[in-house]
Structure formats: structure tokens, C-alpha cells
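Residue strings, one per chain:
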Amino acid sequence: MTRIDFYTGSTDKLRTACQLSHKAIQNGLHTVISLTDAASCDTLDRLLWHYPDTAFIPHARCDADDAEQTPVLLCCGEEKFPHHDLLISLHDECMPFFSRFDRVIEIVGTSEEESRLGRERYTFYRDRGYELRHFDLNKANES
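Draft legend 1. Expanded view of the overall build of the protein. Along the protein, the regular secondary structure elements total 4 helices and 7 strands. Its helices and strands taken in sequence order, the protein reads β-α-β-α-β-β-β-β-α-β-α from the N to the C terminus. In terms of overall size, the protein behaves like a compact globule, its C-alpha atoms giving a radius of gyration of 14 Å where 143 residues would be expected to give roughly 15 Å. Projected onto its principal axes, the C-alpha positions of the protein cover 40 × 35 × 30 Å. Within the protein, the fraction of its 143 residues that count as buried is 43%.

Draft legend 2. Highlighting the packing of aromatic side chains. This model, assessed by the stated rule, comprises 11 aromatic pairs. Taking the centre distance of 6.2 Å and the plane angle of 80 degrees together, the rings of Tyr 125 and Tyr 130 count as edge-to-face. As far as the burial class goes, Tyr 125 and Tyr 130 line up, both buried. Through a chain of ring-to-ring contacts, three or more aromatic side chains come together here, namely Phe 6, Phe 98, Tyr 122, Phe 124, Tyr 125 and Tyr 130.

Draft legend 3. Representation of the state of the cysteines within the structure. Within this structure, the stated rule accounts for 1 disulfide. The disulfide that involves Cys 62 links it to Cys 75, with 1.5 Å between the sulfurs. Of this pair, Cys 62 sits in the loop between β3 (59-61) and β4 (72-75) while Cys 75 sits in strand β4, placing them 13 residues apart in sequence. With relative accessibility at 0%, the residue Cys 75 sits in the buried group. Cysteine Cys 94 remains unbridged, with the sulfur of Cys 75 as its closest cysteine sulfur at 18 Å.

Parameters at a glance
Residues numbered from 1 in each chain as written. Predicted model: local features only at pLDDT ≥ 70, side-chain atom pairs only at ≥ 80, totals over all residues. Heavy atoms only, no water. Helix = DSSP H or I, 4+ residues; strand = E, 2+ residues; numbered from the N terminus. Rg over C-alpha atoms; globule rule 2.2 N^0.38 Å. Buried < 20%, exposed > 50% of the residue type's maximum accessible area, 1.4 Å probe, protein only. Phe/Tyr/Trp six-rings, centres within 6.5 Å; stacked < 30°, edge-to-face > 60°. Disulfide = S-S within 2.5 Å.

Here you go:
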């Protein structure tokens, strides 16, 4: 069954996606990052070329010819994926295809509305019996 991790308190959801996808690559996982629109996809594409500062994260769009060999894929509207290790969702609702993945990361921002929508997604997964974990990025930044 899919494991769901919530990362709450993100002040920059795209940068958080960069950090988490970098960590996933270090752990040998293939990652799909699902974005809400083409503009966000373009912005994240540019960020990944410079993250971390001394390198870049190998990535491509889901529909690229080399998508199957690429560790991080950026998707906006696609529902066919060449690998299913990790889904990082930057949506305000649960994606209908989430259960195809071994693990899902939901990134929640800092606004009241984002928190409310995050709680709705958490409840959705919990009520269906998914294993849930929570990471508060505010507490992680305090240490």
C-alpha cells in the first residue's frame, strides 16, 4: 500500500520539491513531480538546473523521449508514468493516480487555505487506511 508523507510549513513549495527530489535521487528513487500548471513546471525546470548550488538534478518532462531513464520527471496533466517509486504532489487535491506509487509526498504551504486543504487531503488518506507520516518544516528549520 502507498505510504503518504506530508511536509507542512513550506515557505517555497518548489524549492522544497527540489530538496526532496535531490534526497530521493541520493536514495536511488525515481521521482515524478506533479505540478498544477505549465508555468510552475517551467519555473521548477529552471530551479532544478541549479539545485544544489554545485550541481543539478537530472530531470525531464514526463513526455520526453528519455523519460524512462531520467531520475526526476516533471508532469503537468499527464497520467502515464514510466516509473512509480515516488510522487511529489504540488496540488491542492489528491491526485486520482496516487495509489500507483510506492510513496507520495504532499507539500503544504504556510497559508491558512493551504493548511486547510492539506488537512482535507490528510483526512482523505487517513480515512482510507493509508500509512501517514508528518514532517513540520518549521520545526526542522528551528534546529
